[in-house]
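Fold and geometry: a report
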There are 2 protein chains.
Amino acid sequence: MATIREVAARAGVSAATVSRVVNGVPGFSEGTRERVKAAIDELGYEPDSLARGLKTSQSALLGVLAPAVSDALASQILSGVESAARESGHAVMLGRTGAGAELATDYLRTLRAYRPAGVVLISSAITPDMRRAAGSRIPLISVAIRKGSEFASIAIDDELAAYEGTKALLDAGHRRIGLLAGDESSVLVNKPRERGYRRAMAEAGATPLEERGNSLYESALPALERLWRRDPGLTAIFALSDEMGAAAVNEAQRRGLRVPDDLSVLGFDDTPTSRHVHPPLSTVAQPLVPMGELAVRVLLGEHGRNRILPHRLITRGTTGPVPAYSP
Amino acid sequence: MATIREVAARAGVSAATVSRVVNGVPGFSEGTRERVKAAIDELGYEPDSLARGLKTSQSALLGVLAPAVSDALASQILSGVESAARESGHAVMLGRTGAGAELATDYLRTLRAYRPAGVVLISSAITPDMRRAAGSRIPLISVAIRKGSEFASIAIDDELAAYEGTKALLDAGHRRIGLLAGDESSVLVNKPRERGYRRAMAEAGATPLEERGNSLYESALPALERLWRRDPGLTAIFALSDEMGAAAVNEAQRRGLRVPDDLSVLGFDDTPTSRHVHPPLSTVAQPLVPMGELAVRVLLGEHGRNRILPHRLITRGTTGPVPAYSP
DNA sequence: TTGTAAGCGTTATCAT
DNA sequence: ATGATAACGCTTACAA
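Rules used in this analysis
- Residues numbered from 1 in each chain as written.
- Chains lettered and ligands numbered in written order.
- Predicted model: local features only at pLDDT ≥ 70, side-chain atom pairs only at ≥ 80, totals over all residues.
- Heavy atoms only, no water.
- Helix = DSSP H or I, 4+ residues; strand = E, 2+ residues; numbered from the N terminus.
- Rg over C-alpha atoms; globule rule 2.2 N^0.38 Å.
- Buried < 20%, exposed > 50% of the residue type's maximum accessible area, 1.4 Å probe, protein only.
- Contact = heavy atoms within 4.5 Å.
- Domains from an automatic or database assignment.
- Buried area = accessible area lost by both parts, 1.4 Å probe.
- Salt bridge = Lys/Arg side-chain N within 4 Å of Asp/Glu carboxyl O.
- Polar contact = N/O pair within 3.5 Å; in protein donor to acceptor, adjacent residues only side chain to side chain.
- Nonpolar A, V, L, I, M, F, W, Y, C, P; charged D, E, K, R; others polar.
- Pairing = 2+ DSSP bridges.
- Core = buried A, V, L, I, M, F, W, Y, C linked by side-chain atoms within 4.5 Å.
- Least-squares fit on C-alpha atoms with pLDDT ≥ 70 in both.
- Near = heavy atom within 4 Å.

Digging into the overall build of chain A
- On a plain count of helices and strands, chain A comes out with 12 helices and 12 strands.
- For a compact globule of 327 residues, the expected C-alpha radius of gyration is about 20 Å, and chain A comes in at 25 Å, more than 25% above that figure.
- Expressed as a percentage of its 327 residues, the buried residues of chain A come to 53%.
- Contacts spanning at least 24 positions in sequence make up 68% of the contacts within chain A whose residues lie at least 6 apart.

Pasting the structure below:
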């Protein structure tokens, strides 16, 4: 762990000069540059980020908060964040939000002490408490969730995406489309999606049919049961998460329904889970990785704030035309 | 962003005293403690981690390296790491290893500059290069991979686990058990598992039948195809990853085989993927979350090094007795 | 082009 | 029990 002074001594210059060379700040000759570089290599010198951060009151750290570390959707976004961060010479600090906002503010306070260049909040809206905990210096941005325009965010238009997903099912001739909704508390993501579904159904004069899970695989089973009980002749299911979509595919097949021949299933988000069923799940895709990348670019000031990214309907194997007869 | 001096001024004491109170270092009276605490609350003071780390040459950061940020197995381990880290007052820095060891050494160099309390390497052995890049100060530990005993690690006994998994299939009467192996380059994880399979098969006088994927879902399809071509009468498939196991379940059902009535499938690792098929996948479980937790405890010096954790056979819905007749 | 020196916010040593 | 002071390793005016 050589210090800048040791490098300076070895190169026969002052620490200030080494600093200039390292940071590419003008003010040294070519010869000096070479001698300094040589000394750096010989000593294996690496600038101490702690000292640098202290001096400049800014570290090359980027905070990320995810609802759960092992969440598939969050992992995809995190993946984009990580690569963009690395590209711009930043390292990533990761924390878990959990259900409530308490852990988040806690973690934000911890983060602040490291003077990060910014913080990305995944699937979590920015509350005034959080904003306060982070201090005024640190830019925050939320991803995959949209709220007013007071805070920066990167997301899709959930209402529109769900509307178009439903529309695609309707256009394929489906009328009896069951909705597998997510948690009621998800006011900024699930609620808009539900509204999109209802709007499309209403426009088509079809009757909405909704049951609620919590977006996870297991939660879909009872909701599915209720859906089928209310209408055994459903020809399509729109699940507001890929996990619930995967559950619908598996459960339908278990009951002897062919997918998509007897029942179409449409998922949401385009997480890797969508590829873990057979046939692979059609889904309303969010560009998760690019969203993560864009978030760090915005934080780093390379882009404007508050962007809506385009969603995309990906037709894989689980959606098809309405069956000629009700199974 | 109040500093320690501002707190000191407000409490009418010196910065040194505030520091003592904050760190619980003896040398202050009860009255002083109260006044300092009050000043801290009033100013919303939070010690600057950068300055503290610089002074103590040790930050409360824990590095984690994962092969891919969105890897399901790594996510589980990461989840354990995060919770143990938080519990001990540490924050987590996350980086991606990628395929080669180059990114890893790169990242370790970056990490070193933050003087972390330790680094956890997920599914990646510690090479001398890495050891060097990290510097001699920083303890490293690898998780879910085992190598000699020169470096600390937390893992299961892969050979034994695969042996017992195979044995369970054999005990259920299966003889024609196909192996879905992982990448050949995985010398420290997949190879031992293959050996365990072969040993069990040999002991039972059964003929091993192996095809290779790369542990991911898609890679299993062609391998499966080859397996069935070599023996259309297979009664069981042992997949050395849950993703490949899930693929086997889906593909078998697609071909009209009932699982587990016609074909048993056993996975490996116990990632969430195992619950995303129907019936849910039986699997040879690694205690991934506890492994992550233990890794940070070992790094922090609360436990010994080099631990082998117990694996566990989890029988869910995809394994059963050998069918009476060959389908 | 280069060096000197101050200071970022903290902790640790040494007095008092 | 408490305070003054000197680092930790770096960057950045300001001088030269």
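Here the narrative resumes, following the displayed structure.
With respect to the domain arrangement of chain A
Residue and element names in this part refer to chain A.
- One can read the domain layout of chain A as domain 1 (4-47), domain 2 (56-156 + 289-308) and domain 3 (158-286).
- In this structure, domain 2 and domain 3 have C-alpha centres spaced 29 Å apart.
- Every contact between the two is made by 10 residues of domain 2 and, on the other side, 10 residues of domain 3.
- Taken together, the two surfaces of domain 2 and domain 3 that pack against each other cover about 850 Å², and 68% of this comes from carbon and sulfur.
- Remark: the boundary between domain 2 and domain 3 carries zero salt bridges.
- Between the two partners, domain 2 and domain 3, sit one residue pair in polar contact (both at pLDDT 80 or more).
- For the side of domain 2 that touches domain 3, a count of residues per class yields seven nonpolar, one polar and two charged.

Overview of the interface of chain A and chain B
- At the interface, 45 residues of chain A touch 46 residues of chain B.
- Summed over both partners, the interface of chain A with chain B buries about 4,600 Å², with 60% contributed by carbon and sulfur atoms.
- One can count four salt bridges joining chain A with chain B.
- On inspection of chain A and its partner chain B, the count reaches 15 residue pairs in polar contact (both at pLDDT 80 or more).
- Among the elements of the structure, α4 (49-56), α5 (72-87), β2 (91-96), α6 (102-112), α10 (217-230) and α11 (242-254) of chain A are those that each provide at least two residues to the side of chain A that touches chain B.
- With three bridges joining them, β2(A) and strand β2 (residues 91-96) of chain B adopt antiparallel strand pairing. Residue pairing across strands places A:Val92 opposite B:Leu94, the latter belonging to β2(B).

Quick notes on the nonpolar core
- Membership of the largest hydrophobic core comes to 58 residues, with the highest contact counts inside it found for A:Val120, A:Ile154, B:Val120 and B:Ile154.
- Look past the residues within four positions of B:Val120 in its chain and what remains in contact with it is B:Gly63, B:Val64, B:Leu65, B:Val81, B:Ile141, B:Val143, B:Ala295 and B:Leu299.

Let's talk about the relation of the copies chain A and chain B
- Expressed as a screw transformation, the operator carrying chain A onto chain B has a rotation angle of 180° and an axial translation of 0.0 Å, and the superposed copies differ by an RMSD of 0.1 Å. In short, the pair behaves as if placed about a two-fold rotation axis. When C-alpha distances to the rotation axis are compared across chain A, the minimum falls at A:Met93, with a value of 2.2 Å.

Re the protein's contact with DNA strand C
- Among the 27 residues in the neighbourhood of DNA strand C, the closest are listed as A:Arg20, A:Ser29, A:Thr32, B:Ile4 and B:Tyr45.
- Each atom of DNA strand C within 4 Å of the protein was classed as base or backbone; sugar and phosphate made up 59%.
- With respect to DNA strand C, the backbone of B:Ile4 contributes an N or O atom lying 2.4 Å from a phosphate oxygen.
- Residue B:Asp48 places a main-chain N or O atom 3.1 Å away from a phosphate oxygen belonging to DNA strand C.
- Elements with a contribution of two residues or more to the surface near DNA strand C: α2 (15-23) and α4 of chain A together with α1 (4-11), α2 (15-23) and α4 (49-56) of chain B.
- Looking at the surface near DNA strand C residue by residue, the class counts come to nine nonpolar, 10 polar and eight charged.

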